[in-house]
Each structure stands twice: as C-alpha cells, then as structure tokens.
Amino acid sequence: GAPKSAGGSDFIVGPESRLAATTVLEFLNRGTDAISPLVLCGASGTGKSHLAEHVARLKAGAVFTRGADFARELAEAVNHGSVAEFRTKYREAAALVLDDLLQLTGRRPALLEFQNMLDALEVRGTPVLITSRRPPADVAELPPALRSRLSAALVVTLSSPGMAARQKILNQFAAQREIVLSPAAVNLLAEKIAGTAADLRGVVTELEMETGAQDAKAVGLDAVRRLLSQRRTHMQAGATLKQVSALVAKYYGLTPSALSSPSRRQQVVLARAMAIYLGRSLCGASLKTLGKHFGGRDHSTVLHNYRQILNRLAGDPQLSGAVESLQHALIGNG
C-alpha cells in the first residue's frame, strides 16, 4: 500500500507523488544497499515530513531528528562534554532520517558535524534520508562540500497534490472531522483550492466552523459556495489581525496584549472570543494562525471561542450590535 503519514492517515499517492512514494518504499525495503542519501525535496505541505516519519517508524533501529533538534542536541552535548555519546547515537543507528535540512543553515558547528556524520555513515553502509524545502544545489548557505555531496545524491521532488489526490485528501480529512462531503462539494473544492494538504485540511476545518458541524453531517454545494464567496470577501476586506486586536481591545477598554494573555477575567475572555470571531470572519485567518496570534492557543480553544460568539449572535442583541459596530469600523479601516 501507500506510505502512511503522521497520525496514521494514508499518504495519498497521486501521479505527481508516485515516484517519491515508490522511492521511499524501496529505501524502506532495502538494507545497506539502499540508495543513500535520499533527499525528498518540496514546498511545505507536500508530504515530505509525513514520508520521513513513516520511514523512521517502520525502519527498525532508525533515528529521526529535525534539523533544529540536531543542532540543539549537539550544542547541549558540547556544553555537557557528551559529544562522544551524541555521535554514537547517530553513527550506530540502522538508518538516519533528518527532517528539514534548512534548519541547519546558519549553524556552522551542526553543519560540519552533519557533514562528518554522513562520511561515517557511508563507511558503515547506513542509509540516510533527508528532507528539504529547496534543492540542496540551491542552498547557498550550505558549506560547499556538503552542498556538492547532497546535490549529487538522489533528489526526488514532491509536488503539491493534483486534482485526483486533492479529492482523496479532502474526503480523508472530512472523514477525520466526521463530516460527509457530497461528491459535487469535493469536486468544487478540489478545483478551487489548488494548494497543499495543509491548505485542504484548513478548508475542511473552515467548513466545520461555518456549518457548526459537530457530529457526522452532510455538507453540500451550497455550503462550499458560501465558504468560497466568504474567502473572496475576506481577501477584499483588507483588515489584519493586528487591526482586529487593537480595535477590539480598545472597544472593551483593554490593551491588545491582554487578548494574548492567559487571563480568564470575564471581560478579557469575551474580548478575546470577539477578536477570534472577527479575525476568522473578516480576515479569513486559519485556526492555527488565530491560535498563534492570541497567545499560542490550541485548535480546539480557538474553535470554542469562535463558536461562542457565533452561537450567541441570534439571541443576544447587545453582542450582535457590538459585532456589527466592530465589523463596520474594521472594513472601513481596511
């Protein structure tokens, strides 16, 4: 079958990703004669990390690390005098998987350590898989010897999912959220959202928010058309999350930083929920973006805040008036 992504969901293999999937399976199934290093290259959201994590899970004795973690671990080993143990961990692994090569750039000690490690692993016949958002040949920040070595490796490019893969991904994410998308809705979304898997996940979450889908619920063409229309409106409105925070904070007599704070004071909680609602309905910000902007809150907390306002609007004239007033001010500013 196809490789599986993080979290156990299937990695969708369309024509654009078949070579990568096949190469990764071959890398998994071969021993010390696997083509190495194998570099999976592609923009964020094309599935590089999913495939890398899949390899690390299934390859017995493999060690998985991200570029930033490798650099930090090395710095800690130097500080604690445990570099020998650090090297043993990686050099005696059955396979090494490094996710996000670009996180090593600008960290010269880590780059040199990684370069020497590749030499040691090659001698041992240890397979190495690396992911990168850019082809190694284009990463000028790499030391010349490492850039040359990785450019000569097997570099497999992953593309954003094609139409057929986008349809499968939308159905998969919808099933995870317990939403039933009609075939016509899936086709329209796949046609209009020509992005990465992360973009498609985002649009399914937006549908859940807009429809209030809590349990298994059918979502048809009308809901999708409304969402796509709202997205166009968001792009035209021009309000930013910074403007939303400033205006909402002023309206409730608070500072913008209070909205990002952990405070549970009633006034702050209401203002924060209002800012999240407006950030979503006016700016079209994703749950992840909203969570990050408002103090690093998680997906479910942001969704709860959004729905708190949405569900109260019909029966609370005071709240409805506040939303109307703030929306008018923000669109006027945009």
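Below, the structure is looked at part by part.

Reading the values: rules and limits
In every chain, residue numbers begin from 1 and rise along the written sequence. Confidence filtering applies because this is a predicted model: local features only for residues at pLDDT of at least 70, side-chain atom pairs given and counted only at 80 or more, and all residues used for totals across whole chains, interfaces and linings. Excluded from the side-chain calculation are hydrogens and water; included are all heavy atoms of the structure. Any residue under 20% of the maximum accessible area for its type is buried, any over 50% is exposed, and the rest in between are partly exposed; the area is computed with a 1.4 Å probe on protein chains only. Going along the chain from the N terminus, every DSSP run of H or I of four or more residues is numbered as a helix, and every run of E of two or more is numbered as a strand. Two strands make a pair as long as DSSP finds a minimum of two bridges between them. Here a crossover is taken to be right-handed if, once the strands point away from the viewer, the path from the first strand over the helix to the second is traced clockwise. Any Lys or Arg side-chain nitrogen located within 4 Å of an Asp or Glu carboxyl oxygen qualifies as a salt bridge. Structural elements are reduced to axes, namely lines fitted to C-alpha atoms, with helices fitted over the stretch in contact, and the angle between N-to-C directions of any two is expressed from 0 to 180 degrees. Angle categories: roughly parallel below 35 degrees, roughly antiparallel above 145, roughly perpendicular from 65 to 115, and oblique for all the rest. Should any heavy atoms of two residues lie within 4.5 Å, those residues are considered in contact. Note on residue classes: Ala, Val, Leu, Ile, Met, Phe, Trp, Tyr, Cys and Pro are nonpolar, Asp, Glu, Lys and Arg are charged, and everything else, Gly too, is polar. Residues enter a nonpolar core if they are buried and are Ala, Val, Leu, Ile, Met, Phe, Trp, Tyr or Cys, with the set joined through side-chain atoms within 4.5 Å. Only Phe, Tyr and Trp rings are paired, with Trp represented by its six-membered ring, and only when their centres lie within 6.5 Å; those with planes under 30 degrees apart are stacked, over 60 edge-to-face, the remainder tilted.

1. Focus on the pairing of strand β4 (residues 128-132)
Next up, step 1: Taken across its five residues, β4 has five buried, putting it largely inside the fold.
Next up, step 2: Along β4, one buried face is formed by Val-128, Ile-130 and Ser-132 and the opposite face, lined by Leu-129 and Thr-131, is buried too.
Next up, step 3: Across four bridges, the pairing between strand β1 (residues 38-41) and β4 is parallel. What sits directly across from Leu-38, in β4, is Leu-129.
Next up, step 4: Where the polypeptide runs from strand β3 (residues 95-99) across helix α5 (residues 108-124) and back to β4, its parallel neighbour, the crossover connection is right-handed.

2. Remarks on the pairing of β3
Next up, step 1: Judged by how many residues are buried, β3 sits mostly within the fold: five of five residues are covered.
Next up, step 2: In β3, alternate side chains face the same way, and those of Ala-95, Val-97 and Asp-99 on one face and Leu-96 and Leu-98 on the other are all buried.
Next up, step 3: Two elements, strand β2 (residues 62-66) and β3, share five bridges in a ladder whose sense is parallel. Pairing of Arg-66 across the sheet is with Asp-99, part of β3.
Next up, step 4: Pairing of β3 with β4 involves three bridges; the strand directions are parallel. Along β4, the bridge assignment pairs Val-97 with Leu-129.

3. Digging into the pattern of salt bridges
Next up, step 1: Applying the stated criterion to the full structure yields 11 salt bridges.
Next up, step 2: Notably, a salt bridge pairs Glu-141 with Arg-134, separated by 3.4 Å at the nearest N-O pair.
Next up, step 3: For Arg-134, a relative accessible area of 31% corresponds to the partly exposed category.

4. Let's talk about the packing of helix α13 (residues 266-281) against helix α15 (residues 299-312)
Two measures define how a pair of helices packs: the angle their axes make with one another and the distance between the axes.
Next up, step 1: α15 packs onto α13 with a crossing angle of 90 degrees between their chain directions and a minimal axis gap of 8 Å. Taken together, the axes of α13 and α15 lie roughly perpendicular to each other. Contacts between α13 and α15 involve Val-269, Leu-270, Arg-272, Ala-273, Met-274, Ile-276, Tyr-277 and Arg-280 on the former and, on the latter, Val-302, Asn-305, Tyr-306, Gln-308, Ile-309, Leu-310 and Arg-312.
Next up, step 2: A per-class count over the contact of α13 with α15 returns 10 nonpolar, two polar and three charged.

5. With respect to the nonpolar core
Next up, step 1: Ranked by internal contacts, the top residues of the largest apolar core, which has 31 residues, are Val-248, Leu-254, Leu-259, Met-274 and Leu-278.
Next up, step 2: The leading source of residues in this core is α13, at eight residues.
Next up, step 3: In contact with Leu-254, other than residues within four places in its own chain, are Ala-249, Leu-259, Arg-265, Gln-267, Val-268 and Ala-271.
Next up, step 4: In terms of nonpolar packing, the next biggest core, distinct from the first, is built from 28 residues, Phe-70, Leu-98, Leu-104 and Val-128 among them.

6. Observations regarding the packing of aromatic side chains
Next up, step 1: Applying the stated criterion across every chain, the model contains six aromatic pairs.
Next up, step 2: Between Phe-70 and Tyr-90 the ring centres are 5.3 Å apart and the planes differ by 65 degrees, which places this aromatic pair in the edge-to-face class. With a gap of 20 residues between them, Phe-70 in helix α3 (residues 67-80) and Tyr-90 in helix α4 (residues 83-91) connect regions that are remote in the sequence.
Next up, step 3: The rings of Phe-70, Phe-86, Tyr-90 and Phe-114 are connected pair by pair, giving a single aromatic cluster.

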